[in-house]
Amino acid sequence: MKQKETLLTIPLSEEKIELSHLLIEEMGDEHKASSVDTPLRADAFEKTDEEKIALIEPHFRAIMETLGMDLSDDSLRGTPLRVAKMYVKELFQGLNPANMPSMTLFENKFQYNEMLVEKNINFYTNCEHHFVPFFGKAHVAYISSGKVIGLSKLNRLVEYYSKRPQVQERLTMQIGKALQTVLQTQDVAIMMDAKHLCVASRGVKDDSSNTITGFYGGKFQEEATKAEFLKYLDINA
Ligand SMILES: [Zn+2]
């Protein structure tokens, strides 16, 4: 974040542009997020999904052709359209707020005032710096302020924010903040444990490391509550 702010104040002399490219590249390789909100342009949803697919297809074709692949081969012919559809309709459909799952709240009739933990929610997302997957388990917890939501909605919310080009820190915070808004309480905790293919299959090629991120709001900032949450996850604080 600091780097991004620095960038914006740098006057755009030629030398400084070089520097800014360097910083941006560094930011990508270190997997730092620049903002909690996904960086989107104001015109992000002026085109329909179909228009986006039609535009992405020739671009992806150009990438494959530039790499020297023979697009007349039966196996490759359909790939550009397949990838374009996959990007717009599947992997990145969570960019569009219209695709946010509905979050119906219920009264907490049981007066259950303890922590609720939904653990081991599988998620698959894509690193915005390399466009390769990172995936793992999300663990979500909240303490009801009088309202509850169906358990499957927690999975749906994790899935929605995963279907964007992401960085793990932002993904964790977006889920946490959305849940705070939906449940009308600060008492929300998220932990995400993921394997990044951009770390495992390229670059340093470390396929044994995992990345863990956490979000602790309200009561979860208190040591005892945080410890209880981590105990349920079987992870030592
Ligand atoms: Zn990456």
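Residues numbered from 1 in each chain as written. Predicted model: local features only at pLDDT ≥ 70, side-chain atom pairs only at ≥ 80, totals over all residues. Heavy atoms only, no water.

1. Considering a nonpolar patch on the surface
Applicable threshold: For patches, a residue must show more than 30% relative accessible area and have no salt bridge; joins then use 9 Å for like charges and 5 Å for nonpolar side chains, namely Val, Leu, Ile, Met, Phe, Trp and Tyr. Calculation of accessible area relied on Shrake-Rupley with a 1.4 Å probe; when residues are assessed, cover is drawn exclusively from the protein chains displayed. For salt bridges, the criterion is a side-chain nitrogen of Lys or Arg within 4 Å of an Asp or Glu carboxyl oxygen. Secondary structure counts use DSSP, requiring at least four H or I residues in a row for a helix and at least two E residues in a row for a strand, with both numbered from the N terminus. For the exposure calls, accessible area comes from a 1.4 Å probe over protein chains only, and a residue counts as buried if that area is under 20% of its type's maximum, exposed if over 50%, partly exposed in between.
There is a patch of nonpolar side chains on the surface, built from I63, L67 and M69 and spanning about 310 Å² of accessible area. Mapped onto the elements of the fold, M69 is located in the loop between α3 (49-66) and α4 (74-77). Relative accessible area serves as the criterion here: at 37%, M69 is assigned to the partly exposed category.

2. Quick look at the environment of F106
Inclusion rule: Residue contacts follow a heavy-atom distance rule, with two residues in contact if any of their heavy atoms lie within 4.5 Å.
With respect to the helices and strands, F106 occurs in strand β1 (residues 105-107). Excluding residues within four positions of it along the chain, F106 makes contact with G146, K147, V148, I149 and G150.

3. Notes on the confidence of the model for the protein
Here is the rule: As a per-residue measure, pLDDT tells how confident the predictor is, with possible values from 0 to 100.
Considering every residue of the protein, the mean pLDDT works out to 87; 84% of them sit at 70 or more. Counted against residues more than four places away or in other chains, residues 1-23, with its pLDDT under 50, gives 14 contacts.

4. Details of the pairing of strand β2 (residues 115-127)
Quick reminder of the rule: The pairing criterion for strands is at least two bridges between them, as found by DSSP.
Of the pairings in the sheet, the one linking β2 to strand β3 (residues 133-143) comprises 10 bridges and is antiparallel in character. When the bridges of β3 are listed, M115 appears paired with I143. Counting the residues between successive antiparallel strands, the hairpin from β2 to β3 contains five residues, one of them, F131, with a positive phi of roughly 55 degrees.

5. Observations concerning the packing of helix α6 (residues 151-162) against helix α7 (residues 168-183)
Spelled out, the test is: Under this scheme, a helix contributes an axis fitted over its contacting stretch, all axes are lines through C-alpha atoms, and angles between N-to-C directions fall in the 0 to 180 degree range. Angle categories: roughly parallel below 35 degrees, roughly antiparallel above 145, roughly perpendicular from 65 to 115, and oblique for all the rest. By definition, any crossing whose near helix is turned counterclockwise from its far helix by less than a right angle is left-handed, and any crossing with a clockwise turn is right-handed. Classes in brief: Ala, Val, Leu, Ile, Met, Phe, Trp, Tyr, Cys and Pro nonpolar; Asp, Glu, Lys and Arg charged; the others, Gly included, polar.
Two elements in contact, α6 and α7, have axes whose closest approach is 10 Å; the angle formed by their N-to-C orientations is 135 degrees. What the angle tells us is that α6 and α7 run oblique. Relative to α7, the crossing made by α6 is right-handed. Across from L154, L157, V158, Y161 and S162 in α6, the residues of α7 making contact are L171, Q174, I175, A178 and L179. Of the residues belonging to the contact of α6 with α7, the class tally is eight nonpolar, two polar and no charged.

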